[in-house]
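Coordinate inspection notes
Each chain is listed here by its residues.
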Amino acid sequence: MGKRKGSKGEKDGAPPSAMSQLDRDFAVSGLPDYLEAQRTRVFCGSESNTSAKYFGSAHTYSTKGFDNSQTWKEFERGLDIRIRRVDEADNTMEFDLVGVSPSFANALRRILISEVPTMAIEHVFFLNNTSTIPDEILAHRLGLIPIAADPTLFKSRSPPSQESGNEHQEDDRDQRNTIVLRLQARCSGRNPGGKHEGNEYGKVKSKDLKWLPGGSEIPEETGVRFTVSQDTLEEFERAPVRPVHDDILIAKLSSGQEIELEAHCTKGTGAEHAKWSPVATAWYRLCPEVVLLREVKGEKAEELLAKFEGLPKGVECPFEVVGGVARPREGPPDLMCLERIRALSGEEEWKDYVQLRKIKDHFIFTVESSGVLPPQDLLCTAIDILASKAGGLAAKLAEA
Amino acid sequence: MVTSAEEADNTVTFLLQDEDHTMGASLVDVLNRSSNVVFAGYTIPHPSERKVQLCVQTNGEVSPKDAVLAAAETLAKMCDSTKKLFRSRFEEFGNTMQE
């Protein structure tokens with residue numbers, strides 16, 4: 001099915017001036033056009049996508065005399081990364097990852113979500129809680145608050161052992177693996193359950209969590225004993241431990257109600273609980289590409305532009321007309337008009353002209369950090385983790 | 001981490017302890033792009049056990065063990081070049097933003 005589709009587009013062919021990146025690629029590879037199209041592109045039809053398969057075997061095209069194998073050198077030559085956007089206020093980064101397989105991109109995404117370690121509240125010791133929120137619910141809410149602390153400065157807990165079942169072993173908890181936070185809030189407002197003037201009245205927010213660099217104030221109960229105060233470390237002087245956001249609502253108190261607790265953070269990964277996940281989310285999409293299969297000029301070109309009238313503000317029409325001839329604009333089309341292009345490519349009048357494709361090895365990757373670490377650091381850590389997994393396996397195999 | 005479960009001709013099934021799709025899919029992918037590998041695939045026999053069975057068949061030029069070893073090394077090198085490139089591109093991006 002994909003075969004017919006691919007060959008149709010290419011045989012009818014556009015003149016050299018309207019050559020797409022794909023056509024230029026064809027000249028390089030030794031594969032017939034329709035196979036090269038299937039190898040590198042997903043075709044987005046108006047009803048369904050075709051040629052969505054990934055051809056990742058060295059022998060896929062051996063009957064055509066085409067070697068589809070890839071060495072590390074070839075990978076490095078084909079690899080390209082371009083940063084699109086870094087938004088420090090939003091802790092978001094968007095970049096293009098070109099020339100990798102879906103499983104590689106997916107491995108990075110999976111590691112970002114579940115295997116990059118962070119610090120999060122794990123144990124909560126209640127001294128007093130007369131609020132309407134039960135202890136366990138409050139403890140859970142606290143756990144989800146992102147804590148800005150460099151996880152590399154802390155040690156992980158020992159992994160669960162056979163003897164202890166699935167429970168973590170209780171290590172000695174001290175300044176190397178624990179952050180102690182204290183929360184003390186009391187509502188002294190005269191309007192029980194009523195008006196809140198300012199933040200003192202009733203609203204307990206994440207900024208009320210105070211860092212105790214000297215460790216637990218109730219070591220007998222918590223079993224956490226610091227031998228050295230954490231703020232003697234130079235790293236903490238530069239960046240004291242605090243919640244990433246100051247204005248996360250933890251609880252609402254009525255007059256006379258009180259919360260007093262000590263919260264202990266430990267190092268963990270998102271695999272165990274999402275509270276340790278360093279990203280709000282991390283995702284990728286394939287880079288879209290719009291092509292004109294035949295020359296569109298004169299009135300028809302104007303007609304094509306008219307199809308894209310009324311796009312939201314700031315969204316560019318995916319086509320432009322130069323010298324009376326329509327051509328796709330440079331770069332991938334805006335997300336907001338992709339469905340319009342897709343619908344157009346299914347219309348009787350336009351289906352031989354307009355085609356929407358996706359480039360199979362071009363990923364537009366977005367990393368949305370929770371604010372614990374900047375997204376670029378998260379990505380580098382994720383790559384390191386994948387490398388160490390691979391390196392560890394190689395070392396074990398070399399031994400065996 | 002690794003135990004060989006079955007060996008016949010040039011086919012070996014490896015058992016990777018404490019791994020999941022992250023390594024399974026990435027390794028299979030690198031293995032498949034190698035010209036000496038005839039077949040590579042993985043399965044996770046039970047979703048609640050962190051175990052991956054990796055089956056590799058080679059054409060006899062190299063042993064399956066060496067093929068996986070090479071693939072793991074390749075994957076590690078791929079990570080290094082990705083990180084290096086990302087670092088330099090990120091720096092460039094920071095410089096252009098300042099201008």
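Given the structure is predicted, the values throughout are model-derived calculations rather than measurements. (Residues numbered from 1 in each chain as written. Chains lettered and ligands numbered in written order. Predicted model: local features only at pLDDT ≥ 70, side-chain atom pairs only at ≥ 80, totals over all residues. Heavy atoms only, no water.)

**Re the overall build of chain A**
When you go through chain A residue by residue, the secondary structure sums to eleven helices and 16 strands. Counting every position in chain A, which comprises 400 residues, the buried fraction comes to 47%. For chain A, the share of sequence-separated contacts (at least 6 apart) that also reach a separation of at least 24 residues comes to 74%. Surface accessibility of chain A: about 20,000 Å² in total, with carbon and sulfur atoms responsible for 48%. (Helix = DSSP H or I, 4+ residues; strand = E, 2+ residues; numbered from the N terminus. Buried < 20%, exposed > 50% of the residue type's maximum accessible area, 1.4 Å probe, protein only. Contact = heavy atoms within 4.5 Å. Areas by Shrake-Rupley, 256 points an atom, 1.4 Å probe, with all protein chains shown as cover.)

**What about the UniProt feature "domain: DNA-directed RNA polymerase RBP11-like dimerisation" (unreviewed entry) in chain B?**
Within this numbering scheme, the UniProt entry marks residues 12–84 of chain B as carrying the feature "domain: DNA-directed RNA polymerase RBP11-like dimerisation" (unreviewed entry). The annotated region residues 12–84 of chain B carries 45% helix and 29% strand content, and the separation between its end C-alpha atoms amounts to 34 Å. (UniProt positions renumbered as here; feature names shortened; annotations may be inferred.)

**Examining the pattern of salt bridges**
This model, assessed by the stated rule, comprises 31 salt bridges over all chains. Among the salt bridges present, the one from Lys297(A) reaches Glu295(A), with a minimum N-O distance of 3.5 Å. Linking Lys83(B) and Asp384(A) is a salt bridge whose minimum nitrogen-to-oxygen distance equals 2.9 Å. With one member in each of two chains, Lys83(B) in helix H2 (residues 64–98) and Asp384(A) in helix H11 (residues 375–399) form a pair that bridges those chains. Where salt bridges share partners, they join Asp80(A), Arg82(A), Arg89(B) and Glu92(B) into one cluster. (Salt bridge = Lys/Arg side-chain N within 4 Å of Asp/Glu carboxyl O.)

**Some words on the packing of aromatic side chains**
Residue and element names in this part refer to chain A. Following the criterion strictly, the structure yields twelve aromatic pairs over all chains and no others. Seen from their ring centres, Phe154 and Phe236 are 5.7 Å apart, and the 55° between their planes marks the pair as tilted. With Phe154 in the loop between strand E6 (147–148) and strand E7 (179–186) and Phe236 in helix H8 (residues 234–238), the pair connects residues that are 82 residues apart, well separated along the chain. The exposure classification of Phe154 matches that of Phe236, with both residues buried. Ring geometry for Tyr284 and Phe363: centres 5.2 Å apart, planes at 85°, overall edge-to-face. Of this pair, Tyr284 sits in strand E13 (residues 279–292) while Phe363 sits in strand E16 (residues 354–369), and the two are 79 residues apart along the sequence. (Phe/Tyr/Trp six-rings, centres within 6.5 Å; stacked < 30°, edge-to-face > 60°.)

**As for the sheet that holds strand E12 (residues 258–268) of chain A**
Residue and element names in this part refer to chain A. The strand order E5-E12-E7-E9 describes an open sheet built from four strands, whose pairing is antiparallel. The open sheet has two edge strands with one neighbour each: strand E5 (118–129) and strand E9 (209–211). Across the sheet, the mean angle separating the axes of adjacent strands is 25° when strand polarity is ignored. As judged from the ten bridges shared by E5 and E12, these two strands associate in the antiparallel manner. By the bridge assignment, Ile121 is partnered in E12 with Cys265. Together, E5, E9 and E12 form the strand contacts of helix H6 (residues 135–143), whose direction differs from that of E5 by roughly 150°. (Pairing = 2+ DSSP bridges. Axes fitted to C-alpha atoms, helices over the stretch in contact; angles between N-to-C directions.)

**Side note on the interface of chain B and chain A**
On the side of chain A, 43 residues touch chain B, which itself brings 40 residues to the contact. For the chain B face of the interface with chain A, the top three residues by lost area are Thr22(B), Arg33(B) and Phe86(B), together amounting to 20%. At the junction of chain B with chain A, the criterion picks out four salt bridges. Counting across the interface, chain B meets chain A through 16 residue pairs in polar contact (both at pLDDT 80 or more). Within the residue set of the side of chain B that touches chain A, elements represented by two or more residues are strand E2 (11–17), helix H1 (21–32), strand E3 (37–43) and H2 of chain B. Among the elements that line the side of chain B that touches chain A, the one with the most residues is H2(B), at 21 residues. Considered class by class, the residues forming the side of chain B that touches chain A number 20 nonpolar, nine polar and eleven charged. (Buried area = accessible area lost by both parts, 1.4 Å probe. Polar contact = N/O pair within 3.5 Å; in protein donor to acceptor, adjacent residues only side chain to side chain. Nonpolar A, V, L, I, M, F, W, Y, C, P; charged D, E, K, R; others polar.)

**Quick word on the packing of H11(A) against H2(B)**
Two numbers describe how H11(A) lies on H2(B): the axes approach to 8 Å, and their chain directions differ by 160°. What the angle tells us is that H11(A) and H2(B) run roughly antiparallel. The element H11(A) and its partner H2(B) pack so that their crossing is left-handed. When grouped by side-chain class, the residues that make up the contact of H11(A) with H2(B) number 18 nonpolar, three polar and six charged. (Parallel < 35°, antiparallel > 145°, perpendicular 65-115°, else oblique. Left-handed = near helix turned anticlockwise from the far one by under 90°.)

**Remarks on the environment of Leu144(A)**
Residues and elements named next belong to chain A. Among the structural elements, Leu144 can be located in the loop between H6 and E6. Classification of Leu144 as partly exposed rests on a relative accessible area of 45%. C-alpha separation for the pair Leu144 and Ala263, spaced 119 residues apart in sequence, amounts to 12 Å.

**Considerations on the nonpolar core**
Membership of the largest hydrophobic core comes to 61 residues, with the highest contact counts inside it found for Phe95(A), Leu97(A), Leu31(B) and Leu54(B). One finds Phe154(A), Leu183(A), Ala185(A) and Ile250(A) within the second-largest nonpolar core, a separate group that totals 27 residues. (Core = buried A, V, L, I, M, F, W, Y, C linked by side-chain atoms within 4.5 Å.)

**Observations concerning unusual backbone geometry**
Residues and elements named next belong to chain A. With a phi close to 55°, Ser51 is a non-glycine residue in the positive phi region. Here Ser51 lies in the loop between strand E2 (49–50) and helix H4 (72–78). Of note in this structure, Asn91 is not a glycine but carries a positive phi near 55°. Within the secondary structure, Asn91 is located in the loop between strand E3 (80–87) and strand E4 (92–98).

**Quick word on helix H5 (residues 102–114) of chain A**
Under the 1.5 Å per step criterion, the end-to-end length of H5(A) is 18 Å for 13 residues, consistent within 8% with the ideal 18 Å. Taken as a whole, H5(A) has its buried residues at Ser103(A), Phe104(A), Ala105(A), Ala107(A), Leu108(A), Ile111(A), Leu112(A) and Ser114(A). If you follow the buried residues of H5(A), they end up packed against E4, E13, E16 and H11 of chain A together with H1 and H2 of chain B. (Expected span 1.5 Å × (residues − 1).)

**Examining the side chain of Asn68(A)**
By the secondary structure assignment, Asn68(A) is in the loop between E2 and H4. Within polar-contact distance, the side chain of Asn68(A) engages the backbone oxygen of Ser57(A) at 2.8 Å. Discounting residues that sit within four places of it in the chain, Asn68(A) has contacts with Arg39(A), Phe55(A), Gly56(A), Ser57(A), Ala58(A), Thr60(A), Tyr61(A) and Arg33(B).

**Some words on the confidence of the model for chain A**
Model confidence for chain A is summarised by a mean pLDDT of 86, while 86% of its residues fall at 70 or above. Within the model, the stretch residues 1–19 of chain A combines pLDDT values under 50 with 23 contacts to residues more than four positions away or in other chains. (pLDDT = per-residue confidence, 0-100.)

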